[in-house]
Amino acid sequence: MIEIERKFLVTSEAFKLEAFQKTKIQQGFLNTHKKRTVRIRTKGKKGYITVKGLSSKDGLQRFEWEKEIPLEEAQTLLKLCEDTPIEKVRYEVKVGPHVFEVDEFFKENRGLIVAEVELKTINETIKKPTWLGEEVTGDIKFYNAQLSKNPYNSWKSIKTNKT
């Protein structure tokens, strides 16, 4: 139940031509405590509840437990969530032996596109596609729980040229 993943900004929409799957996602957070988050998500026609623990110092690892729940229950629980809900479309792109999950955000986070790739080990190497930009693994402002509290469009005008 320990998730190992790296996160990157995306520099172009070329990934859309390479995607083998595209799914609409809505999510909110019942709890965004520093040591744990509880997320409710609808993904396509399915619902999920997820508990995530505190990330390691480098941001590569964290506890994650996820359970599918009925879609109707997830939709009801979304109404109880904190702050700004997250709306995004996830594109899945196979690159070598890995699948990159590329999230294109909408509403308050419109304009942000982030790719994540799950790894089996911390030192696992990945093939980087041309559209993969700066690595933001461990930068909490790019965590979905933080984007629900402090949306991208509220801070993008003061970003540096790194992001």
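Check the entry above for the structure.
Structural notes, computed from the coordinates.

Criteria and thresholds
Residues numbered from 1 in each chain as written. Predicted model: local features only at pLDDT ≥ 70, side-chain atom pairs only at ≥ 80, totals over all residues. Heavy atoms only, no water. Helix = DSSP H or I, 4+ residues; strand = E, 2+ residues; numbered from the N terminus. Buried < 20%, exposed > 50% of the residue type's maximum accessible area, 1.4 Å probe, protein only. Contact = heavy atoms within 4.5 Å. Areas by Shrake-Rupley, 256 points an atom, 1.4 Å probe, with all protein chains shown as cover. Phe/Tyr/Trp six-rings, centres within 6.5 Å; stacked < 30°, edge-to-face > 60°. Pairing = 2+ DSSP bridges. Core = buried A, V, L, I, M, F, W, Y, C linked by side-chain atoms within 4.5 Å. Salt bridge = Lys/Arg side-chain N within 4 Å of Asp/Glu carboxyl O.

Describing the overall build of the chain
- A count of helical and extended segments in the chain gives four helices and nine strands.
- Each helix and strand of the chain, ordered N terminal to C terminal, gives the series β-α-β-β-β-β-α-β-β-β-β-α-α.
- Projecting the C-alpha coordinates of the chain onto the three principal axes gives extents of approximately 40 × 35 × 35 Å.
- Counting every position in the chain, which comprises 163 residues, the buried fraction comes to 45%.
- Counted over contacts in the chain with a minimum sequence separation of 6, partners at least 24 positions apart contribute 61%.
- For the chain, the accessible surface area stands at approximately 9200 Å², while carbon and sulfur atoms represent 51% of it.

Considerations on the packing of aromatic side chains
- Tallying each qualifying case throughout the model produces five aromatic pairs.
- Here Tyr152 and Trp155 contribute two aromatic rings whose centre-to-centre distance is 5.1 Å and whose plane-to-plane angle is 85 degrees, an arrangement assigned as edge-to-face. With Tyr152 and Trp155 both in helix 4 (residues 152-155) and three residues apart, the pair spans about one turn of that helix. Residues Tyr152 and Trp155 agree in their burial class; the two are buried.
- Ring-pair connections join several aromatic residues into one group, and the members of that group are Phe15, Tyr91, Phe100 and Trp131.

With respect to the pairing of strand 8 (residues 113-118)
- Counting buried positions along strand 8 gives five out of six residues, so the element sits mostly inside the fold.
- Looking at chain direction, strand 1 (residues 2-10) and strand 8 are connected through five bridges and run antiparallel. What sits directly across from Leu9, in strand 8, is Val114.
- Sheet analysis places strand 7 (residues 98-105) next to strand 8, joined by five bridges and oriented antiparallel. Its bridge partner lying in strand 8, Glu104 is registered against Ile113.

Looking at the nonpolar core
- Membership of the largest hydrophobic core comes to 17 residues, with the highest contact counts inside it found for Val10, Phe15, Phe100, Val102, Ala115 and Trp131.
- Within the residue set of this core, elements represented by two or more residues are strand 1, strand 6 (82-95), strand 7 and strand 8.
- Grouped together as the second largest cluster of nonpolar side chains are twelve residues, Phe142, Ala145, Tyr152 and Trp155 included.

Some details on the pairing of strand 4 (residues 46-53)
- Note that strand 3 (residues 36-43) and strand 4 share eight bridges and pair antiparallel. Within strand 4, the position partnered with Thr37 by the bridge is Lys52.
- Linking strand 3 to strand 4, which pair antiparallel, is a turn of two residues; within it Gly44 sits at a positive phi near 65 degrees.

Re the pattern of salt bridges
- Applying the stated criterion to the full structure yields eleven salt bridges.
- Close ionic contact of Arg39 with Glu66 constitutes a salt bridge, the shortest N to O distance being 3.0 Å. On the criterion of sequence distance, the pair formed by Arg39 in strand 3 and Glu66 in strand 5 (residues 61-69) is long-range, its members being 27 residues apart.
- Looking at Glu66, the relative accessible area reads 37%, which means it is partly exposed.
- Ionic pairing is found between Lys107 and Glu87, a salt bridge with its closest N-O pair at 3.4 Å.

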